[in-house]
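Residue strings, one per chain:
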Amino acid sequence: MVDLIFVVRNVNQWHAENLKLNPKHYAQPLRFLGHKAITNVQEKWGAKVYYNTLVKMKEGYTIKYGVVSEVSLVEDLLDWTDIYLAGRLHKPVKILMEPNEYSQLTTALVQNLHSAVHAALLLLPQKN
């Protein structure tokens with residue numbers, strides 16, 4: 001299964017547009033409540049990421065994708081506030097970014113990996 005994470009600047013706008021284009025990606029109760037309800041669920045509960053799972057693609061494979069605001073992701077990467085996405089990004093991943101988007105997010109991604117190495121080193125036993 002392909003697992004994607006979309007980092008967006010305006011979560012509410014993204015869900016509004018995606019709900020129009022792909023309504024079946026969303027669970028039925030939230031789909032009918034609209035993009036504002038989806039945004040509220042995303043921003044107020046859990047790790048501030050909203051996942052659409054088991055999305056069937058025309059090519060015959062299944063994907064899942066999460067949506068997170070850039071602000072929430074950077075906060076998690078730097079401070080490990082939820083460590084959900086920060087932890088998932090400790091493993092090797094393919095990062096696809098639009099040109100000229102190398103900013104605070106890129107710095108936070110690198111810092112997250114450095115923090116993970118530092119934490120691992122601090123947790124090593126003092127003696128063999």
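Everything numeric here is computed off the predicted structure, so don't read it as measured data.

Draft legend 1. Inspection of the pattern of salt bridges at higher detail. Here the structure, examined in full by the defined rule, presents four salt bridges. One salt bridge in this structure joins Glu70 and Arg9, with 2.9 Å as the shortest N-O distance. Here Glu70 is found in helix α4 (residues 70–79), whereas its partner Arg9 is found in the loop between β1 (2–8) and α1 (11–21), with 61 residues between them in sequence. Across the pair Lys48 and Glu75 runs a salt bridge, and its minimum N-O distance is 3.9 Å. One end of the pair, Lys48, is in the loop between α3 (35–44) and β2 (49–56); the other, Glu75, is in helix α4, with 27 residues separating them in the sequence. Classification of Lys48 by relative accessible area gives partly exposed; the value is 25%. One network of salt bridges, with partners in common, ties together Asp3, Lys64 and Arg88.

Draft legend 2. Spotlight on the nonpolar core. Core analysis: the largest hydrophobic core is formed by 12 residues, namely Val49, Tyr51, Val68, Leu73, Val74, Leu77, Leu85, Ala86, Leu89, Leu105, Ala108 and Leu109. If near-sequence neighbours (up to four positions away) are discounted, Val68 is found in contact with Ile5, Phe6, Val7, Val8, Val11, Gln42, Lys48, Val49, Leu73 and Leu85.

Draft legend 3. Structural context of the packing of aromatic side chains. Applying the stated rule across the entire model yields four aromatic pairs. With centroids separated by 5.5 Å and ring planes inclined at 65°, the aromatic side chains of Phe6 and Tyr65 adopt a geometry described as edge-to-face. Residue Phe6 is located in strand β1, and its partner Tyr65 is located in strand β3 (residues 62–69); the two are separated by 59 residues in the primary sequence. Residue Tyr65 is classed as buried on the basis of its relative accessible area, which comes to 3%. Taken together, the ring pairs connect Phe6, Trp14 and Tyr65 into an aromatic cluster. We note Lys64 situated over the ring of Tyr51; from NZ or CZ to the ring centre the distance is 5.7 Å.

Draft legend 4. Fine view of the sheet that holds β1. In space, the three strands of this open sheet follow the order β1-β3-β2, with mixed pairing throughout. Edge positions in the open sheet fall to β1 and β2, since each of these has one partner strand only. Each adjacent strand pair in this sheet contributes to an overall mean axis angle of 20°, direction not counted. Relative to β3, β1 runs parallel, the two being bridged by seven bridges. Within β3, the residue paired with Val8 across the bridge is Ser69. Contacts between α3 and the sheet are confined to β2 and β3, with β3 contributing the most and set at about 75° to the helix. With respect to the sheet, α4 is in contact with β1 and β3, its orientation differing from that of β3 by roughly 85°.

Rules of the game
- Residues numbered from 1 in each chain as written.
- Predicted model: local features only at pLDDT ≥ 70, side-chain atom pairs only at ≥ 80, totals over all residues.
- Heavy atoms only, no water.
- Salt bridge = Lys/Arg side-chain N within 4 Å of Asp/Glu carboxyl O.
- Helix = DSSP H or I, 4+ residues; strand = E, 2+ residues; numbered from the N terminus.
- Buried < 20%, exposed > 50% of the residue type's maximum accessible area, 1.4 Å probe, protein only.
- Core = buried A, V, L, I, M, F, W, Y, C linked by side-chain atoms within 4.5 Å.
- Contact = heavy atoms within 4.5 Å.
- Phe/Tyr/Trp six-rings, centres within 6.5 Å; stacked < 30°, edge-to-face > 60°.
- Lys NZ or Arg CZ within 6 Å of the ring centre and 35° of its normal.
- Pairing = 2+ DSSP bridges.
- Axes fitted to C-alpha atoms, helices over the stretch in contact; angles between N-to-C directions.

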